[in-house]
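Chain and residue survey
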Amino acid sequence: MHKLLERQLRSHFGDLASVPAELAPLVDAVSRAYEEADGDRALLERSLELSSQELLQRFQALRKQQNEQQVIFNSAPALIFYKDTENRILRLNELGARAMGRPIAELEGKSCYDVMPHDVAKRLHDDDLEVVRSGQPKLGIVESHPDASGVDHWVRTDKVPYRDETGKVVGVVVFSQDITEQKKAEEDLKAAYRKLEELVKFRTQFLNTTAHELRTPLTPIILQSHLLRDALSHLSDPQQRKGFEILDRNIRRLDSLVRDVLDAARLQSGRLPLRVAELDMARVVGDAVETVAPQAEQQHITLESRSERPLLVAGDPVRLGQVLTNLLANALKFTPEGGKITVTAVASSGHAIVSVQDTGIGVPPGQIARLFQPFSQVHDPMQTTAPGTGLGLYVSRGIVEQHGGNIWCYSAGPNAGSTFSFRLPLLKPGAPIVVAEKPEEPVMAPATPTTAPIRP
Amino acid sequence: MKVEQRHWRPGEGWNISGKEHLAGKADLVLAFGGTAVLDDDRSLEALRIQYPDARLVGCSTAGEILGTHVTDGTIAATAIRFDHTTVKTAEVTIRKPDESRAAGRKLASRLEKQGLDHVLLISDGQHVNGSELARGVQEELPANVAVTGGLAGDGARFQRTLVFADHAPREDRIVAVAFYGAKLKVGYGSLGGWDPFGPQRVITRSENNVLYELDGQPALDLYKRYLGEHASGLPATGLLFPLSIQAAPNERELVRTILSVNERDNSLTFAGDMPKGSYARLMKANFDRLVDGAHGAAADASLLHSNPELAILISCVGRKLVLKQRTEQELEAVRDVLGPKTAMTGFYSYGEICPATPNANCELHNQTMTITTMTET
């Protein structure tokens, strides 16, 4: 019997035994009805409990998600606005509110026309409507806006369509970044670059003019010196002869320095003029070696040369001769008495590779990279020679690169000698003579050509 | 320790319930009665004469408990004679709810602390913030002294509640009964049986125990919507939907019940704090769980010693409103646990006070069955 009914019967009749027997079927039916009602209620309670649990779980998940979104929304380094098609701000982040100088609560739901100057609001609205109409984002709008205190700020704005859950465009989402600082830095950089360009231009012009001006009086001096040498060949006074030789050597030296400066100036402003023809590098090597042979002999330096023949390249014989002479002059300058200079010219992987190897003072590892920069000098501990312009290797590199080649240096360190090499593309038989505009990537040379050892 | 119980009914007067074996010698008489009945002090006078040496302590109720029976408009009296325990009482008057904490401190400060074992707290049920009262009392008591008790009731009327200790029953009184003695063993337990349901809402506007808004909407409107035609019975019918309060996700949930309604500012006054920012969910009774809750509270209260001499049951008026004719079912559930020998008394209240877990500080509960058991060893 249902407990409640039992209690009710006890309360009415004193005890269950006193319940009249004829009421038994009724008591039975009422008890069943109570139990059925209990069952119905239990089912309802269970449904309510389960749906409540589900509701709570969804709610908590939603709150977590909302919190995460809020964190991203407010910590994003951008001003973010959700706007409707009527230019009303539906939602904005803290950065956005700060830029507008009002709390979020005062801006949400407001039309831009109410919280900013009409012309600015109109411009923004026009952009919005363009995005709404096209359904396409409008990215990278860079413009200047006054902030709440009237100070202009540069901002870069992206506007993307704000679609509702059915995909219909109901407004725009605006992301704006204040780029005032960046803009200022860009302007500063541009100004500095312009100034630098002017300086470079001035320096090149100055070098060019100076070199030309120096050459003008030098040409007749050289000519007169040659004439004088012939005229004074009979001079027997050793004092006078020595005096003339010093004069002659220094005139030639001055001539070479001025040439270097002129070449360097041309390189800085563009290109050296080349007279390209088919030529045999082995021959260029032979001529250069022959030119410096007397000086080598004078310095008691063994000069050896090995060349494969022919090594046909497209090049300017004078300019390539200048490169070799330059490398040989350096080798002579930095190789002590009793040393050795070996010149090799070989073909490898479609290139002519020319190397000048000496047993001289070598190059400290830290300096190799700077060798081919203008005005770089290798320190000469022997102090036996006069310092040069520091332009020779720079000019050489320019010449080689203009021929589509590379130049590099290898030295195992101080007093371990050094090897300067350059390579030029070999001329294919029957191919037209064309010189590459830019140096081609080295084919077999190691990754850092300036420090690569020679691989004959 | 010996106990005898008497029941006063209108038109019948006092009747002994069970055996009479104290011969008028008692240390404490607990008497719980209907508000109107207690207004007439003559019924209590009979008790004073019957037990001249006893402290007479009690309150008005929303239902008197004697054994497994609930009655309204009667007086349930339980006289106790201790063999090894001394009883003292203290009381204070309270005028405004915001004095609750101070009143609690003042009350506890009036109690002798030496040898203090347990405090039974009985308070006005209409003008007190029960949470603050419990806090104040606990602040002035040694940590090892537990406090249990409840707030007086006034049927389902919520108009005036009465409390007394020896003197005539009065409004705005708070009484503490202090028990001293190493041989007294006190157990306690408190369980609800209400389930939160529906969406979780945030308390967006409140002041102490007054709630104005949930999720920015007037809280009273929400109650009216859920109560439907029962809304006219507010605040009593508000007991059908107590609120579950959670300070933060994963924090313990507290149950809060409505004390009064203010139509003018759309507010609801609850029996405990409603901290702003807390999460709130409406709760509803689950029949079986209410009865299971009473059963569980009894099991907790008798953990230390089974078959206690006395069990004081303080159960929320909201349970009675839900259980209706089945109210006694929860008392039977308690009886099932405690056994037939335990004298059971108590009342349906406007708030229960008990530590949430053993050795924790006492706090205000709502909608629970709170049981305090006593035995001398």
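Residues numbered from 1 in each chain as written. Chains lettered and ligands numbered in written order. Predicted model: local features only at pLDDT ≥ 70, side-chain atom pairs only at ≥ 80, totals over all residues. Heavy atoms only, no water.

**Let's talk about helix α2 (residues 24–75) of chain A**
The terminal C-alpha atoms of α2 of chain A lie 75 Å apart, and with 52 residues this matches the ideal 76 Å at 1.5 Å per residue to within 8%. Those residues of α2 of chain A that fall on the buried side of the exposure criterion are Val27, Ser31, Asp38, Arg41, Glu45, Ser52, Leu56, Arg63, Phe73 and Asn74 of chain A. (Helix = DSSP H or I, 4+ residues; strand = E, 2+ residues; numbered from the N terminus. Expected span 1.5 Å × (residues − 1). Buried < 20%, exposed > 50% of the residue type's maximum accessible area, 1.4 Å probe, protein only.)

**With respect to the packing of helix α3 (residues 100–109) of chain B against helix α4 (residues 130–139) of chain B**
Residue and element names in this part refer to chain B. Put simply, α3 and α4 touch, their axes get as near as 7 Å, and they point 35 degrees apart. Between α3 and α4 lies a crossing of right-handed hand. Contacts between α3 and α4 pair Ser100, Arg101, Gly104, Arg105 and Ala108 from the former with Glu132, Leu133, Arg135, Gly136, Val137 and Glu139 from the latter. Of the residues belonging to the contact of α3 with α4, the class tally is three nonpolar, three polar and five charged. (Axes fitted to C-alpha atoms, helices over the stretch in contact; angles between N-to-C directions. Left-handed = near helix turned anticlockwise from the far one by under 90°. Contact = heavy atoms within 4.5 Å. Nonpolar A, V, L, I, M, F, W, Y, C, P; charged D, E, K, R; others polar.)

**So, the pairing of strand β26 (residues 362–365) of chain B**
All names here are of chain B. With four bridges joining them, strand β25 (residues 351–355) and β26 adopt antiparallel strand pairing. Looking across to β26, one finds that Glu352 is bridged to His365. Remark: six residues form the turn of the hairpin made by β25 and β26, two consecutive strands paired antiparallel; Asn359 in that turn has positive phi of roughly 75 degrees. (Pairing = 2+ DSSP bridges.)

**Looking at the layout of surface pockets**
All names here are of chain B. Its boundaries defined by the atoms lining it, the second largest pocket holds a volume of some 820 Å³. If you trace the second largest pocket, you find 40 residues lining it, with Tyr188, Pro355, Ala356, Thr357 and Pro358 closest to the centre. Counting only elements with at least two residues in the lining of the second largest pocket, the list comes to β9 (116–123), β13 (184–191), β19 (253–256), α6 (287–301) and β25. In terms of residue count, β13 provides more of the lining of the second largest pocket than any other element does, eight residues in total. (1 Å grid on protein atoms, 1.4 Å probe; cavity = no way out; pocket = protein on both sides within 12 Å on 5 of 7 lines; lining within 4 Å. Points joined across faces, edges and corners; volume = space filled by probe spheres on them.)

**A few points about the interface of chain B and chain A**
By a widespread convention, an interface's size corresponds to the accessible area lost as its parts come together. Listed as interface residues are 20 residues of chain B and, on the opposing side, 16 residues of chain A. Taking both sides of the interface into account, the surface hidden between chain B and chain A amounts to around 1600 Å²; carbon and sulfur atoms contribute 45%. Broken down residue by residue, the surface that chain B buries against chain A is led by Gln200, Gln325 and Arg326 of chain B, which jointly contribute 33%. The tally of links from chain B across to chain A stands at four salt bridges. With its nearest N and O atoms 3.0 Å apart, the salt bridge here joins Glu332 of chain B to Arg7 of chain A. (Buried area = accessible area lost by both parts, 1.4 Å probe. Salt bridge = Lys/Arg side-chain N within 4 Å of Asp/Glu carboxyl O.)

**So, the sheet that holds strand β8 (residues 86–93) of chain B**
In a beta sheet, neighbouring strands pair by backbone hydrogen bonds and run either parallel or antiparallel. Residues and elements named next belong to chain B. What the six strands build is an open sheet, ordered β8-β12-β9-β10-β25-β26; its pairing is mixed. At either margin of the open sheet sits one strand with a lone partner, and together these are β8 and β26. Strand after strand, the sheet turns through a mean of 20 degrees between neighbouring axes, direction not considered. Looking at chain direction, strand β10 (residues 146–151) and β25 are connected through three bridges and run antiparallel. Following the sheet pairing, Leu151 is matched in β25 by Gly351. Sheet strands in contact with α4 are β9, β10, β12 (173–180), β25 and β26, and its direction is about 170 degrees off that of β26.

**Details of the environment of Gly430 of chain A**
Residue and element names in this part refer to chain A. Within the secondary structure, Gly430 is located in the segment after β12 (418–425). Its relative accessible area of 84% is what places Gly430 among the exposed residues. When the C-alpha atoms of Gly430 and Thr157 are compared, they prove to be 60 Å apart, with 273 residues separating the residues in sequence.

**Some points on the nonpolar core**
Of all hydrophobic cores here, the largest spans 51 residues; its most connected members are Met281, Leu324 and Phe422 of chain A. Taken together, domain 3 (184–268) and domain 4 (275–451) of chain A each give at least three residues to this core, which thus spans both. In this structure Leu324 of chain A touches Met281, Val284, Val285, Ala288, Val343, Val354, Val356 and Phe422 of chain A, once residues within four positions along its chain are discounted. If you look at the next biggest cluster of nonpolar residues, it comprises 49 residues, including Ala108, Leu133, Ala236 and Ala311 of chain B. (Core = buried A, V, L, I, M, F, W, Y, C linked by side-chain atoms within 4.5 Å. Domains from an automatic or database assignment.)

**Notes on the domain arrangement of chain B**
Residue and element names in this part refer to chain B. Splitting chain B by domain gives domain 1 (2–191 + 288–376) and domain 2 (196–284). Computed over C-alpha atoms only, the centres of domain 1 and domain 2 are separated by 27 Å. Residue-level contacts link 21 residues of domain 1 with 16 residues of domain 2. Both faces combined, the contact of domain 1 with domain 2 buries some 1400 Å², and carbon together with sulfur accounts for 53% of it. Area buried by domain 1 at its contact with domain 2 is led by Phe158, Asn366 and Gln367, which between them contribute 35% of it. For the salt bridge of Arg135 with Asp273, the shortest nitrogen-to-oxygen distance reads 3.5 Å. Inspection of the domain 1/domain 2 interface yields eight residue pairs in polar contact (both at pLDDT 80 or more). Looking at the side of domain 1 that touches domain 2, the elements with two or more residues in it are α4, α7 (317–323) and β26. Looking at the side of domain 1 that touches domain 2 residue by residue, the classes come out as nine nonpolar, nine polar and three charged. (Polar contact = N/O pair within 3.5 Å; in protein donor to acceptor, adjacent residues only side chain to side chain.)

**Remarks on the pattern of salt bridges**
One pass over the full model with this rule turns up 48 salt bridges over all chains. Two residues, Asp127 of chain A and Lys138 of chain A, come together in a salt bridge whose shortest N-O distance is 2.6 Å. Highlighted residues: Asp127 of chain A in helix α6 (residues 118–134) and Lys138 of chain A in strand β3 (residues 138–146), separated in sequence by eleven residues. Residues Asp154 of chain B and Arg157 of chain B are paired through a salt bridge, measuring 2.9 Å at the closest nitrogen-oxygen approach. The class of Asp154 of chain B is buried, set by a relative accessible area of 2%.

**Notes on the packing of aromatic side chains**
Scanning the model with the defined rule gives eleven aromatic pairs over all chains in all. Ring centres of Phe158 of chain B and Tyr350 of chain B lie 4.2 Å apart, and the angle between their planes is 10 degrees; this geometry places the pair in the stacked category. Here Tyr350 of chain B lies in the loop between β24 (343–349) and β25 and Phe158 of chain B lies in the loop between β10 and β11 (163–165), a separation of 192 residues in the sequence. Note on Phe158 of chain B: relative accessible area 8%, which makes it buried. Centroid distance Phe197 of chain B to Phe241 of chain B: 5.9 Å. Interplanar angle 45 degrees. Geometry classified as tilted. Placement of the pair is Phe197 of chain B in the loop between β14 (194–196) and β15 (201–207) and Phe241 of chain B in the loop between α5 (219–227) and β18 (243–246), with a sequence separation of 44 residues. The pair Phe197 of chain B / Phe241 of chain B is uniform in exposure class, with both members buried. An aromatic cluster of at least three residues, connected via ring pairs, comprises Phe73, Tyr82 and Tyr162 of chain A. Here Arg91 of chain A stacks its cationic end above the ring of Phe73 of chain A, 4.2 Å away from the centre of that ring. (Phe/Tyr/Trp six-rings, centres within 6.5 Å; stacked < 30°, edge-to-face > 60°. Lys NZ or Arg CZ within 6 Å of the ring centre and 35° of its normal.)

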